[in-house]
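# Descriptive structure summary
As a plain string of letters, each chain reads:
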Amino acid sequence: MGDQAEGTVQNVLEQETLKWIFVGGKGGVGKTTCSSILSILLATVRSSVLIISTDPAHNLSDAFQQRFTKTPTLVNGFSNLYAMEVDPTVEHEDMGGSDGMDGLVSELAGAIPGIDEAMSFAEMLKLVQTMDYSVIVFDTAPTGHTLRLLQFPSVLEKGLAKMMSLKNKFGGLFNQMTRMFGMGEDFGDDAILGRLEGMKDVIEQVNKQFKDPDMTTFVCVCIPEFLSLYETERLVQELTKFEIDTHNIIINQVIFDDEDVESKLLKARMKMQQKYLDQFYMLYDDFNITKLPLLPEEVTGVEALKAFSRHFTSPYQPLSSRVDQVERLERKVSALQRQLHDAEEELEGHKRG
């Protein structure tokens, strides 16, 4: 299909300094399959790998055919690959319930749009950092959610500034109220701001790492269709704005000319796909572009993921380019002869009838 240079994800596997790898794109393009396979490949070259799903749909359990929770769980069949599923939109509810210091922070945070997600994301990152994994792969939610995830550091900073201004305005009154109700120093404005400052430190450190191309990269997953191309372009532009490195694109569900395709529908789809593939290569000529074939079945379970992973490290070769031209033509002639024989039999049947 065309004379485009074939790329792989080998560069990601060989970059030993990488700590954070985000995998994202439009919904339904195969992000979870790609992030799962990437984590399997990384497990062969790294000491320990954690894959985290931040997509509320949580397809990670389906991909590996194993139940995962918000606690890192060892993936069956591996000694160094762990998986966990978190939902940034509700995780903050589990930070300590509705009573006590955590509940108060959550209540106050709720008044600042977006900060509840930012705080839960900070808590998750704090947890992850204490675990000391060699590399962490994020199977992210569809593009919009992912971009919001990457804005969390600035959201948290804005929230903190707002809390500081509230402290300056009402700090004395707040302290008087906590003393009046016998709530003690644990509920003072300094204690609350201390909690937020702690989160800010973590997220600032992570944000610094996210902007370091030696430590972080974003792998865009898409399919060769207009909406996916548009969404990828939007994603790449936003990542550039956030100063997050991205130089890998995986184009999934590509129809290759494997068996001298006769179907008019498949031929039409191949023609349409080629148009968008050409655009991808034109727009991202400096990217590593990996093309993955559309399969007749789903890729689920560790064995299927491992089998499909070979297309990530060496370009997929369509059958038509792997076999001798004479053999292809002989097979075509044989197929046409069968069709002719079937047609002749059908015609004889009509004549007798």
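Described in the following lines is the structure provided in the data block. Please read all numbers here as calculations on a predicted model, not as lab measurements.

Before going further, it helps to spend a moment on unusual backbone geometry. Even without being glycine, E243 reaches a positive phi, approximately 60°. Its location among the elements puts E243 in the loop between α8 (226-241) and β7 (248-254). A positive phi angle is found at Q253, which is not glycine, with a value near 60°. Take Q253: it is sitting in strand β7.

Enumeration according to the criterion identifies 12 aromatic pairs in this entry. Each member of the aromatic cluster is reached from another via a ring pair, and the members are W20, F22, F138, F210 and F218. A cation over a ring is seen here: K306 above F78, with NZ or CZ 5.0 Å from the ring centre.

Next up on the list: the environment of D201. Along the chain, D201 turns up in helix α7 (residues 189-210). In this structure D201 comes out as partly exposed when scored by relative accessible area, which is 47%.

Among the nonpolar cores identified, the biggest contains 38 residues, and W20, I52, I136, F138, F218, I249 and I251 are the most heavily contacted of them. Not counting residues within four places of it along the chain, the set of residues in contact with I136 comprises K19, W20, I21, L50, I52 and V128. Listed in part, the 35 residues of the second largest apolar core include I51, V135, V302 and F308.

Our focus in this paragraph is helix α2 (residues 31-42). Taking 1.5 Å per residue, 12 residues should reach 16 Å; α2 reaches 16 Å between its end C-alpha atoms and fits that length. All of the buried residues along α2 are K31, T32, T33, C34, S35, S36, I37, L38, S39, I40, L41 and L42.

Take the sheet that holds strand β8 (residues 288-293) next. Sheets are built from strands that pair by backbone hydrogen bonding, the pairs being arranged parallel or antiparallel. Strand order across the open sheet formed by 8 strands is β3-β4-β2-β5-β1-β6-β7-β8, with mixed pairing between neighbours. Only two strands of the sheet have a single partner each, and these edge strands are β3 (73-74) and β8. Judged from the 5 bridges that link them, strand β2 (residues 49-53) and strand β5 (residues 135-139) form a sheet pairing that is parallel. For S53, the partnering residue across the bridge sits in β5 and is D139. Most of the contacts of α8 go to strand β6 (residues 216-222), to which it runs at about 165°, and overall it touches β1 (20-24), β6 and β7.

Right, let's talk about the pattern of salt bridges for a bit. Within the structure shown, the criterion is met by 5 salt bridges. The residue K211 makes a salt bridge to E243 at a minimum N-O spacing of 3.9 Å. In this pair, K211 sits in the loop between α7 and β6 while E243 sits in the loop between α8 and β7, placing the two residues 32 residues apart along the sequence. Exposure remark for K211: the relative accessible area of 36% places this residue in the partly exposed category. What makes E243 exposed here is its relative accessible area of 52%.

With that out of the way, let us pick up helix α9 (residues 264-283). With 20 residues, α9 ought to run about 28 Å at 1.5 Å a step, and its terminal C-alpha atoms sit 29 Å apart, in line with that. Among the residues of α9, those classed as buried are M270, Q273, Q274, Y276, L277, F280 and Y281. Measuring from the side-chain oxygen of the N-cap residue of α9 to the backbone nitrogen of L265 gives 3.3 Å; that N-cap residue is S263.

As a further point, take a nonpolar patch on the surface. On the surface, F226, L227 and Y230 cluster together into a nonpolar patch covering about 350 Å² of accessible area. Mapped onto the fold, F226 is located in helix α8.

Quick notes on the rules
- Per chain, residue numbering runs from 1 following the sequence as it is written.
- Where totals are concerned, whole chains, interfaces and linings use all residues; where local detail is concerned, this predicted model gives features only for residues with pLDDT of at least 70, and gives and counts side-chain atom pairs only at 80 or more.
- No hydrogens and no water enter the side-chain calculation; it runs on all heavy atoms of the structure.
- We count a stretch as a helix when DSSP gives it H or I for four or more residues in a row; a strand needs E for two or more, and each element gets its number in order from the N terminus.
- Classification of ring pairs uses Phe, Tyr and Trp, with its six-membered ring standing for Trp, and accepts pairs whose centres are within 6.5 Å; under 30 degrees between planes counts as stacked, over 60 as edge-to-face, and the remaining range as tilted.
- Whether a charge sits over a ring depends on NZ of Lys or CZ of Arg being within 6 Å of the ring centre and within 35 degrees of the ring normal.
- Exposure categories follow from relative accessible area, calculated using a 1.4 Å probe and restricted to protein chains: below 20% of the type maximum is buried, above 50% is exposed, and the middle band is partly exposed.
- What makes a nonpolar core is a set of buried Ala, Val, Leu, Ile, Met, Phe, Trp, Tyr and Cys residues whose side-chain atoms join them at distances within 4.5 Å.
- We call two residues contacting when some pair of their heavy atoms lies within 4.5 Å.
- Helix span, expected: 1.5 Å multiplied by one less than the number of residues in the helix.
- Strands pair, by our definition, only if DSSP identifies at least two bridges between them.
- For helices, the fitted line uses only the C-alpha atoms of the stretch in contact; every axis is such a line through C-alpha atoms, and the angle between N-to-C directions lies from 0 to 180 degrees.
- Any carboxyl oxygen of Asp or Glu within 4 Å of a side-chain nitrogen of Lys or Arg constitutes a salt bridge here.
- We define a polar contact as two N or O atoms separated by no more than 3.5 Å, with the added condition that, inside protein, one atom must be a possible hydrogen donor and the other a possible acceptor, whereas residues neighbouring each other in sequence contribute only through side-chain atom pairs.
- Patch construction takes residues with relative accessible area above 30% that form no salt bridge. Like charges are linked within 9 Å, and nonpolar side chains (Val, Leu, Ile, Met, Phe, Trp, Tyr) are linked within 5 Å.
- Residue exposure ignores everything except the shown protein chains as possible cover, and the areas themselves are Shrake-Rupley values with a 1.4 Å probe.

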